[in-house]
Amino acid sequence: MSFSKFVYLVLIFHILTPTLVLSSSLSSSNGLSGIPKKFLDFAKRKEFVDWIVGIRRKIHENPELGYEEFETSKLIRSELDKLGIPYKYPVSVTGVVGFVGTGGPPFVALRADMDALPIQEEGDWEHRSKIPGKMHACGHDAHVSMTLGAAKILKEHVQEINGTVVLVFQPAEEGGGGAKKMVDEGVLDNVDAIFGLHVTHEDAIGTVVSKSGPILAGSGFFTAVISGRGGHAALPQHSIDPILAASNIIVSLHHLVSREADPFDSQVVTVGKFHGGSAVNVIPDSVTIGGTFRAFLKTSLIQLKQRIEEVIKGQAAVLRCNATIDFHDKPVPLFPPTINDNDLHEHFLNVAGDMLGNDKVKDMKPLMGSEDFAFYQEAIPGYFYLLGMQDESSPKLGAVHTPQFTINEDVLPYGAALHASLATTHLLKAELKPPSTEGNTHDEL
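This one's a predicted model, so the numbers in the text were calculated from it and none came from an experiment. (Residues numbered from 1 in each chain as written. Predicted model: local features only at pLDDT ≥ 70, side-chain atom pairs only at ≥ 80, totals over all residues. Heavy atoms only, no water.)

We now examine the overall build of the protein chain. The secondary structure content of the protein chain amounts to twelve helices and 16 strands. In terms of C-alpha radius of gyration, the protein chain reaches 25 Å, essentially the compact-globule figure of 22 Å for 445 residues. A principal-axis box enclosing the C-alpha atoms of the protein chain has dimensions of 85 × 55 × 45 Å. Summarising the internal contacts of the protein chain: among those between residues at least 6 apart in sequence, 82% fall at separations of at least 24. (Helix = DSSP H or I, 4+ residues; strand = E, 2+ residues; numbered from the N terminus. Rg over C-alpha atoms; globule rule 2.2 N^0.38 Å. Contact = heavy atoms within 4.5 Å.)

A few words now on the side chain of Arg56. Among the structural elements, Arg56 can be located in helix α4 (residues 46-61). One polar contact links Arg56 to Glu409, side chain to side chain, over a distance of 3.0 Å. Residues contacting Arg56, with those up to four places away along its chain left out, are Trp125, Asp141, Ala142, Ser145, Ile407, Glu409 and Leu412. (Polar contact = N/O pair within 3.5 Å; in protein donor to acceptor, adjacent residues only side chain to side chain.)

Turning our attention to the UniProt feature "domain: Peptidase M20 dimerisation" (unreviewed entry) in the protein chain. According to UniProt, the feature "domain: Peptidase M20 dimerisation" (unreviewed entry) maps to residues 218-314 in the numbering used here. In this annotation, residues 218-314 is assigned 37% helix and 35% strand; the end-to-end C-alpha distance for the span is 25 Å. (UniProt positions renumbered as here; feature names shortened; annotations may be inferred.)

As a further point, take the environment of Leu319. Checked against the element boundaries, Leu319 lands in the loop between α9 (298-318) and β13 (322-326). The sequence separation of Leu319 and Asn248 amounts to 71 residues, and the corresponding C-alpha distance is 9.2 Å. Those residues in contact with Leu319, other than ones at most four positions away along the chain, are Ile240, Leu244, Ala245 and Asn248.

Right, let's talk about the pairing of strand β2 (residues 95-101) for a bit. Within a regular strand, the side chains alternate between the two sheet faces. Of all seven residues in β2, seven are buried, a share of seventy percent or more. Hairpin connection of strand β1 (residues 87-91) to β2: three residues between the antiparallel strands, including Ser92 at a positive phi of 55 degrees. Relative to strand β4 (residues 164-170), β2 is paired through six bridges, and the arrangement is antiparallel. Opposite Val100, over in β4, you have Val165 as the bridge partner. (Buried < 20%, exposed > 50% of the residue type's maximum accessible area, 1.4 Å probe, protein only. Pairing = 2+ DSSP bridges.)

Attention now goes to the packing of α4 against helix α6 (residues 140-156). Two quantities define a packed helix pair, namely the angle between the axes and the distance from one axis to the other. Contact geometry of α4 with α6 gives a least axis separation of 9 Å together with a crossing angle of 145 degrees. In the crossing of α4 with α6, the sense of the turn from one axis to the other is right-handed. In contact with Phe48, Trp51, Ile52, Ile55, Arg56, Ile59 and His60 of α4, α6 contributes Asp141, Ala142, Val144, Ser145, Met146, Leu148, Gly149, Lys152 and Ile153. (Axes fitted to C-alpha atoms, helices over the stretch in contact; angles between N-to-C directions. Left-handed = near helix turned anticlockwise from the far one by under 90°.)

This part is about the packing of helix α5 (residues 70-83) against α6. The geometry of α5 relative to α6 is characterised by a closest axis approach of 10 Å and an angle of 10 degrees between their N-to-C directions. Our classification of the angle between α5 and α6 gives roughly parallel. Only Val144, Leu148, Ala151, Lys152 and Lys155 of α6 make contact with α5, whose side of the interface consists of Leu75, Ile76, Glu79, Leu80 and Leu83. Its residues placed into classes, the contact of α5 with α6 shows seven nonpolar, no polar and three charged. (Parallel < 35°, antiparallel > 145°, perpendicular 65-115°, else oblique. Nonpolar A, V, L, I, M, F, W, Y, C, P; charged D, E, K, R; others polar.)

So, about α9. For α9, with 21 residues, the first-to-last C-alpha span of 30 Å sits near the 30 Å given by 1.5 Å per residue. If you follow the buried residues of α9, they end up packed against β8 (218-227), α8 (242-260), β10 (267-276), β12 (286-295) and β13. Immediately downstream of α9, the backbone of Arg320 shows phi near 65 degrees, a positive value. (Expected span 1.5 Å × (residues − 1).)

Tracing the sequence through the fold places Ala379 in helix α11 (residues 374-379). With relative accessibility at 44%, the residue Ala379 sits in the partly exposed group.

Enumeration over the complete set of coordinates arrives at nine aromatic pairs. Here Phe373 and Phe384 contribute two aromatic rings whose centre-to-centre distance is 5.2 Å and whose plane-to-plane angle is 40 degrees, an arrangement assigned as tilted. Pair noted here: Phe373 is in the loop between β15 (361-363) and α11 and Phe384 is in strand β16 (residues 382-390), with a separation of eleven residues, a long-range link. Assigned by exposure class, Phe373 and Phe384 land together as buried. (Phe/Tyr/Trp six-rings, centres within 6.5 Å; stacked < 30°, edge-to-face > 60°.)

Take the environment of Glu202 next. Along the chain, the position of Glu202 falls in strand β5 (residues 193-204). A residue is classified by how much of its surface remains accessible, and Glu202, at 53% relative accessible area, is exposed. On a C-alpha basis, the gap between Glu202 and Lys360 in space is 14 Å, while along the polypeptide they are 158 residues apart. A distance of 3.2 Å separates the side chain of Glu202 from the side chain of His201, its partner in a polar contact.

The next thing to look at is the sheet that holds β10. Ordered by their spatial adjacency, four strands build an open sheet running β10-β12-β8-β13, and the pairing between neighbours is antiparallel. A single partner strand is all that each edge strand has here, and the edge strands are β10 and β13. In this sheet, adjacent strand axes meet at a mean angle of 20 degrees when their direction is disregarded. In this sheet, β12 lies alongside β8 in antiparallel orientation, the contact comprising ten bridges.

What follows covers the pattern of salt bridges. Per the stated rule, a full pass over the model turns up 18 salt bridges. For Glu260, the salt bridge is made with Arg307, and the minimal N-O distance between the two is 2.6 Å. In this pair, Glu260 is assigned in helix α8 and Arg307 in helix α9, connecting sequence segments 47 residues apart. For Glu260, a relative accessible area of 44% puts it in the partly exposed group. With a shortest N-O distance of 2.8 Å, Glu378 and Lys298 are connected by a salt bridge. Highlighted residues: Glu378 in helix α11 and Lys298 in helix α9, separated in sequence by 80 residues. One network of salt bridges, with partners in common, ties together Arg56, Arg57, Asp141 and Glu409. (Salt bridge = Lys/Arg side-chain N within 4 Å of Asp/Glu carboxyl O.)

See below:
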């Protein structure tokens, strides 16, 4: 069954059920502002906390890499079944897409990434990874748990959902471009907006961090093989030295930002890999280098890619070498910048402020890291935010993508409640808006 046909059946099912009436108390601004606190209170109940922590620990013990998240997906489906939430599976290999609400418009989405990293976890925590060489070192176990928590809150308050919340459990965020695959399969067709989150050890628990506009850079990767002619190190005149050519290439690549980029257009080019030779007295036949490039403007990202190719081939030719370059952009293209929608930013400020207090909503300094959530934002308005989890009275939590990374599980109710609040109030605000006089309206995903 195609994805669109499945959602059509979900819609028909809900049409045949009694239509819920939006209460006058909820349609008021006071009713909307009260939802975030109410949802957070619900998420902090002991039975809810025990449940969501248990889910997170099960996922953490069994990490799976991109497009291999079969057991994680099975757990998600089991919990959705228990909640009575319909879903579509498989989507993009291991993805799951659930639906909470009326089954009709408007539609808003919540996203959770599912994959782990090829890292060996350190420490002797009771629930540490049971899979050698694999670890949830970026918090995706928490993201899945919080989105399932949001689903539970939404289901418990389904009478307050005036529309449909689409739950997007996505595979392969860590370089696999799972978001792009989900978009290509039509997951966001007719969805009006999408929200995503990421835990951070840099900010205190009970705080959130974000901003409108660009918050994370677009990114690409490259690998280049510089080929010459090997020989004895004592007789370089009989060789074509690829190590010298690669060295010149690296120096020239770093000039791309310092000499060609607008200082107000942040860009990065970094060469992080250099493999060549195996003996101190032998000039090798070839050298392999690799690196990454980042920018906040997609046009700048494309320009960097073009210039990296020109510099590598040009500098190799200067020293009589040949160069081949792979940008690893097939089947997954360059990751675009993560750019938050301005209207959704205002919505986020209101909801997060109502839940946590305005002083707990921090402005984010843009980072050169990247996120495949940006593929969703290319398709529809989207909003991505960071959720603080550092207990300021406890030792500093380990950083993401390290064997010491740790989740403060006290953060789980906050993420679940905030996700549920953002979706619910967005749908209610959409209901309060005057009906559009334009055509092209839709009544199904």
